[in-house]
Amino acid sequence: MDFRQFIQRGKAISMYRKFMRLTKRITDKQTRLETRQWIREDFHRHARQEDPARIDVLLAQANRHYKELESGVFSML
């Protein structure tokens, strides 16, 4: 694992944790469970990605999805 991969791995783990913490704010239990499952499946699907450029794109997409989910969660409160 080179330095870039090490940094990307850390960013991916950090993003995953941010998503999981955000789901704690979802009040409906079933919605929270489904959202957590969706997050797990999405991260697991891309876990073996090795192309650094593709990983950067996936991290950018994850960041956009996080912001969308965050605004949706706050509107549910």
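Because the structure is predicted, anything quoted here is derived from the model rather than measured.

Our focus in this paragraph is the overall build of the protein. Tallying secondary structure elements over the protein gives three helices and zero strands in all. In the protein, the succession of α and β elements from N to C terminus is α-α-α. If one aligns the C-alpha atoms of the protein with their principal axes, the spans along those axes are about 40 × 20 × 15 Å. Taking all 77 residues of the protein together, 19% fall into the buried category. If you take every contact in the protein between residues at least 6 apart in sequence, the share linking residues at least 24 apart comes to 68%. Split by element, the accessible area of the protein, about 5800 Å² in all, is 52% carbon and sulfur.

Turning our attention to the packing of aromatic side chains. The tally for this structure, following the rule as stated, stands at three aromatic pairs. Arranged with centres 5.2 Å apart and planes meeting at 75 degrees, the rings of tyrosine 16 and phenylalanine 43 form a pair that is edge-to-face. Of this pair, tyrosine 16 sits in helix 1 (residues 3-23) while phenylalanine 43 sits in helix 2 (residues 29-45), and the two are 27 residues apart along the sequence. Judged by centre distance (5.5 Å) and plane angle (90 degrees), the ring pair of phenylalanine 19 and tyrosine 66 falls under edge-to-face. In this pair, phenylalanine 19 is assigned in helix 1 and tyrosine 66 in helix 3 (residues 52-76), connecting sequence segments 47 residues apart. Each member of the pair phenylalanine 19 and tyrosine 66 is classed as buried.

About the cut-offs
- Residues numbered from 1 in each chain as written.
- Predicted model: local features only at pLDDT ≥ 70, side-chain atom pairs only at ≥ 80, totals over all residues.
- Heavy atoms only, no water.
- Helix = DSSP H or I, 4+ residues; strand = E, 2+ residues; numbered from the N terminus.
- Buried < 20%, exposed > 50% of the residue type's maximum accessible area, 1.4 Å probe, protein only.
- Contact = heavy atoms within 4.5 Å.
- Areas by Shrake-Rupley, 256 points an atom, 1.4 Å probe, with all protein chains shown as cover.
- Phe/Tyr/Trp six-rings, centres within 6.5 Å; stacked < 30°, edge-to-face > 60°.

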